[in-house]
Amino acid sequence: MKCSEKENASSYFALEEGKVKMKVCLKFHLYSSYPPCGDATIFPISKHNSHNILSEDVGTPVPENSTPVIEKQAHKISSNNIEAPHDITQTETLEQSPKKMKLSDDTNRTGAKCVEGAQMDPKRDGLEYHTVSVLRTKPGRGDRTLSLSCSDKILKWNQIGMQGSLLSIILSEPVTLSSVIIGSECFNLESCKRAFFTRYPDNNKHLEIHNYTQAEFVDQRHVDKVPCPDSSLFVAGSQSFREAYVTGLRQGWSKKKLDNPKSWSSVCQRKLAARTQDIMKM
């Protein structure tokens, strides 16, 4: 706000009636290397309509060199020089056999759990495993978190903005996304629309949703990769600085010394709240 008072100090922000307003030319786009957890990952899958056959675990593709059961049976019979029955020949496809096609239908699943008080997942076989359009908490192997799933967060951002409670005091208008790009073959447009805006009663705020391209994200989620606990923060500008973190804590500080303000991240909630108070005093 202080910088915006100076002439030509910012190309993107302007001071208007005591609040900061973003110029119309500024747009925000969200890229995700995988469909956001929660409602966006729940959609029907089967061999005949999916690029990858997905296993029961969400986002874990069946290996490309794996052979469907129907083809294995045909290969076993033909290798013994026995004429294979028509219903298990290698050339038969699921599209030619409606009964077998139904057997392969399943739901791409999410580890996000339904919030308390909502309709729970029936967890039946196939297409009736999940309940759609309900709020969920983020998946995890440890203690259950109170944080909502990524799909639910994007739904909220699309309705009230992603600026948060602190920036809403300073900004004159909400900060909303212009588009979402899913950089993965595991993608379903209808489930993303449902997750991000159509399940909301007043769904007049739509998002552009784009499918993946051949240029894959090299560090995308993979069964053979483990997330790195290290991260870094770089802030550009006249007062630029860098910080390094290990499991969310500033590097070099142990958990026993977290009461020391020097151990706190510059973008932790306490620091951001204090910075907001300083700005409001200007």
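> When you look at the overall build of the protein in this model, what are you seeing that I'm missing?
Regarding its fold elements, the protein presents six helices and twelve strands. For the protein, the proportion of its 282 residues judged to be buried stands at 29%. The contacts of the protein with a sequence gap of at least 6 include a subset with a gap of at least 24, amounting to 52%. Here the protein has roughly 19,500 Å² of accessible surface; of this, 53% comes from carbon and sulfur atoms.

> Quick question: what am I supposed to make of the nonpolar core here?
Soluble globular proteins tend to pack their nonpolar side chains together in the buried interior. By size, the foremost hydrophobic cluster in this structure holds twelve residues: Ala40, Ile154, Leu177, Val180, Ile182, Phe187, Cys192, Ala195, Phe196, Phe197, Leu207 and Ile209. Going through the elements one at a time, strand E8 (179-182) and helix H5 (189-198) are the ones with two or more residues in this core. It is H5 that contributes the most residues to this core, four residues altogether. Once residues within four sequence positions are removed from consideration, Leu207 is found in contact with Ile154, Asn158, Leu177, Ser178, Ser179, Val180, Phe196 and Phe197.

> Help me out: how do you make sense of the sheet that holds E8 in this one?
In a beta sheet, neighbouring strands are held together by backbone hydrogen bonds and run either parallel or antiparallel to one another. Reading across from one edge, E3-E8-E9 is the order of the three strands in this open sheet, with parallel pairing throughout. Both outer strands of the open sheet, strand E3 (29-32) and strand E9 (208-210), are each paired with one neighbouring strand and no more. Each neighbouring strand pair of the sheet contributes to a mean axis angle of 15 degrees, computed without reference to strand direction. Both E8 and E9 contribute to a ladder of three bridges, which runs parallel. Residue pairing in the sheet places Ser179 in a bridge with Glu208 of E9. Sitting on the sheet, H5 is in contact with E8 and E9, with an inclination near 145 degrees to E9.

> Help me out: how do you make sense of a nonpolar patch on the surface in this one?
A cluster of nonpolar side chains, contributed by Leu166, Ile169, Val267, Leu272 and Met280, occupies part of the molecular surface with about 390 Å² of accessible area. Only helix H4 (164-170) and helix H6 (269-281) provide two or more residues apiece to the nonpolar patch. Looking at the secondary structure, you find Val267 in the loop between strand E12 (249-250) and H6. Residue classification places Val267 among the partly exposed residues on the basis of a relative accessible area of 45%.

> Can you walk me through the packing of aromatic side chains in this structure?
Think of a pair of aromatic rings as described by two things: how far the centres are apart, and how the planes are tilted against each other in angle. In the structure shown here, the tally under the stated rule is zero aromatic pairs. Lying across the ring of Tyr129, Arg109 places its NZ or CZ 3.8 Å from the centre. Directly above the aromatic system of Trp264 lies the positively charged group of Arg270, at a separation of 4.3 Å from the ring centroid.

> Mind showing me how you'd approach the pairing of E8 here?
A regular strand carries its side chains on alternate faces of the sheet. Pairing of E3 with E8, which is carried by four bridges, proceeds in the parallel orientation. Counted as the bridge partner of Leu30 is Val180 from E8. Taken together, E8, H5 and E9 constitute a β-α-β crossover, and its handedness is right-handed.

> Can you walk me through the sheet that holds strand E11 (residues 241-246) in this structure?
Ordered in space as E10-E11-E12, the three strands form an open sheet in which the pairing is antiparallel. Either end of the sheet is taken by a strand with one partner, and the two such strands are strand E10 (230-235) and E12. As defined by bridge partners, E11 adjoins E12 across two bridges and the pair is classed as antiparallel. Within E12, the position partnered with Tyr245 by the bridge is Arg250.

> Got a minute to help me understand the environment of Leu167 in this structure?
By the secondary structure assignment, Leu167 is in helix H4. Looking at Leu167, the relative accessible area reads 41%, which means it is partly exposed. Distance in space between the C-alpha atoms of Leu167 and Val20 is 9.6 Å, their sequence separation being 147 residues.

> How should I be thinking about the packing of helix H3 (residues 150-160) against H5 in this particular structure?
Any two packed helices are characterised by how steeply their axes cross, that is the angle between the axes, and by the distance between the axes. Interaxial distance between H3 and H5 falls to 8 Å at its minimum, and their mutual angle equals 50 degrees. The orientation of H3 with respect to H5, classified from their angle, is oblique. Residues Ser151, Ile154, Leu155 and Asn158 of H3 form the contact with H5, whose own contacting residues are Ala195, Phe196 and Phe197. Residue classes in the contact of H3 with H5 are distributed as five nonpolar, two polar and no charged.

> How do you make sense of H3 when you look at a structure like this?
The periodicity of an α-helix, 3.6 residues per turn, causes residues three or four places apart in sequence to face the same way. Within the sequence span of H3, burial applies to Ser151, Asp152, Ile154, Leu155, Asn158 and Gln159. Within H3, the buried residues cover an arc of 160 degrees as seen down the axis, which keeps them to one side. For H3, the elements touching its buried residues are E3, strand E7 (136-137) and H5. Phi turns positive, to about 95 degrees, at Gly161, one or two residues after H3.

> Before we go on, may I ask you to explain the pattern of salt bridges in this structure?
Side-chain pairing between opposite charges can occur once the charged atoms of the two side chains come close. For the structure on display, the rule yields eight salt bridges. When the shortest N-O distance is used, the salt bridge between Arg109 and Asp106 registers 3.2 Å. Residue Arg109 is classed as buried on the basis of its relative accessible area, which comes to 9%. Within this structure, Glu16, Lys21 and Glu173 form a network of salt bridges that share partners.

Reading guide: rules and limits
- Residues numbered from 1 in each chain as written.
- Predicted model: local features only at pLDDT ≥ 70, side-chain atom pairs only at ≥ 80, totals over all residues.
- Heavy atoms only, no water.
- Helix = DSSP H or I, 4+ residues; strand = E, 2+ residues; numbered from the N terminus.
- Buried < 20%, exposed > 50% of the residue type's maximum accessible area, 1.4 Å probe, protein only.
- Contact = heavy atoms within 4.5 Å.
- Areas by Shrake-Rupley, 256 points an atom, 1.4 Å probe, with all protein chains shown as cover.
- Core = buried A, V, L, I, M, F, W, Y, C linked by side-chain atoms within 4.5 Å.
- Pairing = 2+ DSSP bridges.
- Axes fitted to C-alpha atoms, helices over the stretch in contact; angles between N-to-C directions.
- Patch = residues over 30% accessible without salt bridge, like charges linked within 9 Å, V, L, I, M, F, W, Y side chains within 5 Å.
- Salt bridge = Lys/Arg side-chain N within 4 Å of Asp/Glu carboxyl O.
- Phe/Tyr/Trp six-rings, centres within 6.5 Å; stacked < 30°, edge-to-face > 60°.
- Lys NZ or Arg CZ within 6 Å of the ring centre and 35° of its normal.
- Right-handed = clockwise from strand over helix to strand, strands pointing away.
- Parallel < 35°, antiparallel > 145°, perpendicular 65-115°, else oblique.
- Nonpolar A, V, L, I, M, F, W, Y, C, P; charged D, E, K, R; others polar.
- Arc of directions from axis to C-beta.

By themselves, these observations are geometric and do not establish any function.
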